[in-house]
Amino acid sequence: MSFFTMDFAKKKEREMERKLRANDREYNLSFKYATNAIKTSKYNVFTFLPLNLFEQFQRIANAYFLILLLLQLIPAISSLSWFTTVVPLVLVLFMTAAKDATDDINRHKSDNHVNNRKVNVLINGQLRCEKWMNVRVGDVIQLENNQFVTADLLLLSSSEPLNLVYIETAELDGETNLKVKQALTVTGDMGDNIHKLAAFTGEVRCEPPNNRLDRFTGTLINGGQKYSLDNNRILLRGCTLRNTEWCFGLVLFGGPETKLMKNCGKTTFKRTSVDRLMNVLVLCIFGFLAVMCTILAIGNRIWEQRWGSDFMVFLPREDGVNASFSAFLTFWSYIIILNTVVPISLYVSMEVIRLGNSFYIDWDRNMYHACSDTPAEARTTTLNEELGQIKYVFSDKTGTLTQNIMTFNKCSINGKSYGDVIDCNGQRLEITENTETVDWSFNPLADQRFSFHDHSLVEAVKLESPQVHNFFRLLSLCHTVMAEEKKKDELLYQAQSPDEGALVTAARNFGFVFRSRTPESVTIVEMGEQRSYDLLALLDFSNVRKRMSVIVRSPEGKLCLFCKGADTMIYERLHRSCSKLMDVTTEHLNEYAGEGLRTLALAFKDLDEEYFKGWQQRHHVASTALEDREEKLDLLYEEIEKDLMLLGATAIEDKLQDGVPQTIEQLSQADIKIWVLTGDKQETAENIGYSCNMLREEMDDIFIVSANNPDDVKQELRNALNTMKPGAGEEATFMPVSSLGSKIKEVKDEEVAGEYGLVINGHSLAYALDHSTEMLFLRAACLCKTVICCRVTPLQKAQVVELVKKYKQAVTLAIGDGANDVSMIKAAHIGVGISGQEGMQAVLSSDYSVAQFRYLERLLLVHGRWSYLRMCKFLRYFFYKNFTFTFVHFWFAFFCGFSAQTVYDEWFITLYNLVYTALPVLGMSLFDQDVNDTWSFQYPKLYVPGQLNQYFSKTAFFKCALHSVYSSVVLFFIPYAAMNDTVRSDGKDIADYQSFALLTQTCLVFTVCIQLGLEMSYWTAVNQLFVWGSLTMYFAVTFAMYSNGMYLTAPASFPFIGTARNSLNQPNVWLTILLTSILCVLPVVAYRFLLIQLRPTINDKVMFMVRQAKATPAPRTRRAQVRRSSTRRSGYAFSHAQGYGDLVTSNRFLRRPAIVPTSGFSLLGRTTGFSPMGRSAGYSPTGSAQNNRPQHVEATSLQMFSTELDHSF
């Protein structure tokens, strides 16, 4: 015991801190760290059968039928043969096992594919090619360009200057722009020297394995010195090495302990709300079954006491069997007979229906993305109907709503707006693919992928307008972009933010080409002439400043400050002479913001030489101060950034994925609430909210919650709640604690007058998710039409989803594309991964995958709604037909002395659910639809009944049960009365048990088929075949089994010899069948007629319109982007991280000289035949929209960057 305790304590201690030594496997193996092999499969060859059967028999229904089978093996209580239960049970177990085996085989294949990838590992002083699964913690490995990172590594050295590497993190966060990591100098000096790397024995002490993608803490001890390690030294598994020839890394975490796998977590078993309701109903049915059997057992005891002795002459009792024991045996006999109230074929059919509807998703060509050759995929077959009940959608932003491509759309220069398409009458025209674009042939250095439609701006550049030239000169000088020139005149920009890349690319195409930079200079080509500007100072961006400036000296010796930033910040620092220009530019900015564009204001200032020298000296003193350095620098920046002259403004579109605003609008009309959970900063998230029409100027109010302490967060949420519902804030404040106790209280939906939006940042959200504040936050958020959470961590995303799941009885869906979305995807009822060019980590953890966000509309409004409608119809009908089938046994018990005799033939009992009624109900459940997909899009409100569980609920179930009771009464007593004392036309008696059984079961088959026809809304050839084929099959099998030949083959198994041909040739039998069928369905027809006339549902109304239209409606019109002015200031387009300016102006990097360009510009002057039209094209941070990066790229100027400043990862 003591040894176990010590060992357990040792494990706990090891989890507190990770210790490892480079190139020392023996030392590292003593800690028993996980290997780099991953395992996502559940079974192997030996464990599959026992584990799978154990899991299947954990389902109440399967365990119930197993017990039933055991009871049927007892002769004293069984009046049915064992095959009536064992055949369907084996079929269910086999189908489920086959599906589970297929899924697990795919997981094995995926694991083997990953585990058998190859990587170079330094072992015993030599590089060996090893499988990923054989890599161990403490190994030094070599990665090459475009190779996946094998494990979580400490970067040791690289081929790039300053030991930088460039990684793409699409697998982790869905972002395709490159991020930069940098090794420590002490390890970077080893380079690719194998002997030095093999001799490296540094020890690392760091945090234990965790799922924090954006944080790492640790230390490296080497040569007696201790070095601090943070996230900027770490390469995470799942990233891809880009633009780096090679690098070496030390393995810190392997396999299941990597941050990527930690974010995957355990796959939880998800069940639909229909499944959860079914469990409750099945328990109720079991209780009802016990009550019925108890009633019949009591009836048997009474009958045995009163009349049983009269039959002992030909039915002698066995020894020791009295009336009480007979009742006990009868109870169990009726348990067996009446078990069809919960038929096992129900679960078989549900699996088949879900599988079929999953195939519809996979096969849907309207959800196929041709550009990336990516179809939609249903990665699970158990959640389809849940897609028809979604109330809340939680979406990531980058890569999900947006393409992470910035587009230079418009600009305002000296009071004139450029970018709109204007016709000869001065009217704005809509820009289409056929709109003429600017010809860039005059500029050999232009990026031909950039398109712009306003020829008047090109003319202004060619006419050498001073303001226009100064505008683009600012864009080409004031930035931190790096230029790579692999071949002559082939420029590739590496931008830390896509916003800057778009602006510099725009300046490049309009003749102001940024070529290269050093710490002291920036080289640009102005209209064909190369000019080098001295870079004297770079006043870096920060989240507080919201602007950046550069101070440059022109080749002529002129000093100038160029500044760009948020318009609110720039306007406060303008010279008084700019007031009129500021008013005009403000109108343009409001117009751009109203269109959802991201704006920047641009300004400049000529500097006096003497003043600047004094300022520069003070700047040097402040930048070297040991105390309050940041504050002193900010004061100096404020001093020089004043009395600026306004140049104009830019407008950039954060390019959305196709159809995102329209999809959000459609989902909103379907009463689906969309919350955006993003790691981006607040300004970016707000801009996307406006671009997607989630946030609108017409809203009554948009609440911004950005407090940094719990009390202020509570107050801001309380104020928001009071604004929407006066007095509600106080109610939330004094909410009794008991309502938040062990029994979770549902937060009901509340109505609010007006439309509101809520934007909350990560710091405030951390306090809002606290137990004392979460109800206040949830109430305020649920009253808003739009909720945007920015700067949130992956854990917070999951917490928000869990909060809604906990207190709202609503179905949630999470959609994302990166590993930072995995926790959210797994927490929601439904997880959807965006596949395609971005990372696949979210897809691997999702239930469904689509190529673009816009396909979510079809997934929910068409496939989800149809799946839910079909499943509900199936359940209502299935319970009806089986309750009706079973209740006839109940009534028959009162006429057979409670002897547990069946009213039907045993073969009919066996084949009723498997053959006679299986295909028609499957046909309805696979092909039925109330309206087609076009009408579903035309009327999104058709989706609302699913959210309210109107198609199948406890109420609907009990209505179905009452209908079955009525039908069973008609099905038993009408044939009983018709057959009582009845003779054939030849005088022979047909009032025998076998003839009555045949008549009753024939009436039942006809009734359930007619009822199915009433349920069906959409008849196909397959449905017709299934219905008529099942009736034909019934008669064919009945005549065959009741034939002389079958009786002679097995007399005990086929006792109904000749019954079919003797009964079904009588007119009165067919008249009874007709009368019984009509009486069974007549109340249903009357009820539905009155319901449609008095209380029609949305489905009834739309189906009536469909019949009236007699044609498919025209494609729905999309609401056009409304052009409007905006009071929203500073739609700020600058997703830039603070601190990059320091590295740009440092002397700590290497630089290749730029290739000397040749002037290839055409002669300046007005071109003929141009039409003043306008708009733009985009900048992708990876160089192309499809992220097809060039192979074997040489070292780039982006090597100047230090990733210690990249706070976004």
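The model shown is predicted, which means the values in this text are computed figures rather than measured ones.

(A) A look at the overall build of the chain. When its secondary structure is counted, the chain shows 41 helices and 36 strands. A buried classification covers 57% of the 1209 residues belonging to the chain. Of the accessible surface of the chain, which amounts to about 50900 Å², a share of 56% is contributed by carbon and sulfur atoms.

(B) Expanded view of the sheet that holds strand E9 (residues 218-222). Spatially, the 4 strands line up as an open sheet ordered E1-E8-E9-E10, and their pairing is antiparallel. Strand pairing shows two members of the sheet lacking a second neighbour, strand E1 (18-21) and strand E10 (225-229), which therefore form its edges. Strand-to-strand, the axes of this sheet are offset by a mean angle of 20°, without reference to chain direction. Note that strand E8 (residues 203-206) and E9 share 4 bridges and pair antiparallel. Opposite Arg205, over in E9, you have Thr219 as the bridge partner.

(C) Up close: the side chain of Gln947. If you trace the backbone, Gln947 turns up in helix H33 (residues 944-947). The exposure class assigned to Gln947 is buried, which follows from its relative accessible area of 12%. Among the polar contacts listed, one links the side chain of Gln947 to the backbone oxygen of Ile390, at a separation of 2.8 Å. A distance of 3.2 Å separates a polar atom in the side chain of Gln947 from the backbone oxygen of Asp671.

(D) Structural detail: a nonpolar patch on the surface. Residues Phe288, Val291, Ile295, Phe894, Phe895, Val965, Val969, Phe973 and Tyr976 make up a contiguous nonpolar surface patch of about 720 Å² in total accessible area. Those elements giving two or more residues to the nonpolar patch turn out to be helix H10 (273-306) and helix H34 (954-979). Here Val965 lies in helix H34. We classify Val965 as partly exposed; its relative accessible area is 31%.

(E) Geometry of unusual backbone geometry. For Asn146, which is not a glycine, the phi torsion comes out positive at approximately 65°. Structurally, Asn146 is set in the loop between strand E4 (140-144) and strand E5 (152-158).

(F) View of empty space enclosed by the protein. With the rule as written, the count across this model stands at 4 cavities of 30 Å³ or more. Size it by volume and the second largest cavity reaches roughly 40 Å³. In terms of lining, the second largest cavity is formed by Asp905, Trp907, Phe908, Tyr916, Gln1001, Val1037, Thr1038, Met1041 and Tyr1042. Looking at the lining of the second largest cavity, the elements with two or more residues in it are helix H30 (906-916) and helix H36 (1021-1041). Considered class by class, the residues forming the lining of the second largest cavity number 6 nonpolar, 2 polar and 1 charged.

(G) Geometry of the sheet that holds strand E30 (residues 701-705). Strands sit in the order E14-E35-E34-E33-E15-E29-E32-E31-E30 across an open sheet of 9 strands; the sheet is mixed. Bordering the open sheet on either side are strand E14 (377-378) and E30, each of which pairs with just one other strand. Its contacts with the sheet place helix H29 (residues 855-893) against strand E15 (390-395), strand E33 (811-816), strand E34 (830-834) and strand E35 (848-850), and it is angled at close to 160° to E33.

(H) Region of the structure containing the nonpolar core. Within the largest apolar cluster, 100 residues are counted, with the highest numbers of intra-cluster contacts made by Met278, Tyr334, Leu346, Phe874, Leu875, Phe879 and Phe908. The element that contributes the greatest number of residues to this core is H29, accounting for 17 residues. Not counting residues within four places of it along the chain, the set of residues in contact with Leu346 comprises Met278, Phe874, Leu875, Phe878 and Phe879. By size, the runner-up hydrophobic cluster in this structure holds 55 residues, among which are Leu445, Leu491, Phe514 and Phe604.

(I) Representation of the confidence of the model for the chain within the structure. Looking at the chain as a whole, its pLDDT mean stands at 82, while 84% of the residues score no less than 70. Taken as a whole, residues 733-742 scores under 50 in pLDDT and shows 7 contacts with residues more than four places along the chain or in a different chain. Contacts for the low-pLDDT stretch residues 1148-1209, under 50 throughout, to residues beyond four places or in other chains number 199 contacts.

(J) Structural context of the pairing of strand E27 (residues 598-606). Within E27, 8 of the 9 residues are buried, which leaves the element mostly enclosed by the surrounding structure. As judged from the 6 bridges shared by strand E26 (residues 559-565) and E27, these two strands associate in the antiparallel manner. Its bridge partner lying in E27, Phe562 is registered against Phe604. Pairing between E27 and strand E28 (residues 645-656): 7 bridges, direction antiparallel. Looking at E28, one finds that Leu600 is bridged to Thr650.

(K) Summary view of the environment of Lys725. Along the polypeptide, Lys725 turns up in the loop between helix H22 (710-724) and helix H23 (728-733). In sequence terms Lys725 and Ala753 are 28 residues apart; their C-alpha atoms lie 8.3 Å from each other. Of the polar contacts made by the side chain of Lys725, one reaches the side chain of Glu750; its length is 3.2 Å.

(L) Highlighting H22. Taking 1.5 Å per residue as the helical rise, H22 with its 15 residues ought to reach 21 Å, and the 21 Å between its terminal C-alpha atoms agrees with that figure. Burial in H22 covers these residues: Val713, Leu717, Arg718, Ala720, Leu721 and Met724. Down the axis of H22, the smallest arc covering the buried residues is 160°, so these residues share one side.

(M) Seen up close, the environment of Leu999. Here Leu999 shows up in helix H35 (residues 993-1015). Taking the relative accessible area as the measure of exposure, Leu999 reaches 3% and is therefore buried. Beyond its immediate stretch of four places on either side in the chain, Leu999 contacts Pro975, Met979, Val1069, Thr1072 and Ile1073.

About the cut-offs
Residues numbered from 1 in each chain as written. Predicted model: local features only at pLDDT ≥ 70, side-chain atom pairs only at ≥ 80, totals over all residues. Heavy atoms only, no water. Helix = DSSP H or I, 4+ residues; strand = E, 2+ residues; numbered from the N terminus. Buried < 20%, exposed > 50% of the residue type's maximum accessible area, 1.4 Å probe, protein only. Areas by Shrake-Rupley, 256 points an atom, 1.4 Å probe, with all protein chains shown as cover. Pairing = 2+ DSSP bridges. Axes fitted to C-alpha atoms, helices over the stretch in contact; angles between N-to-C directions. Polar contact = N/O pair within 3.5 Å; in protein donor to acceptor, adjacent residues only side chain to side chain. Patch = residues over 30% accessible without salt bridge, like charges linked within 9 Å, V, L, I, M, F, W, Y side chains within 5 Å. Salt bridge = Lys/Arg side-chain N within 4 Å of Asp/Glu carboxyl O. 1 Å grid on protein atoms, 1.4 Å probe; cavity = no way out; pocket = protein on both sides within 12 Å on 5 of 7 lines; lining within 4 Å. Points joined across faces, edges and corners; volume = space filled by probe spheres on them. Nonpolar A, V, L, I, M, F, W, Y, C, P; charged D, E, K, R; others polar. Contact = heavy atoms within 4.5 Å. Core = buried A, V, L, I, M, F, W, Y, C linked by side-chain atoms within 4.5 Å. pLDDT = per-residue confidence, 0-100. Expected span 1.5 Å × (residues − 1). Arc of directions from axis to C-beta.

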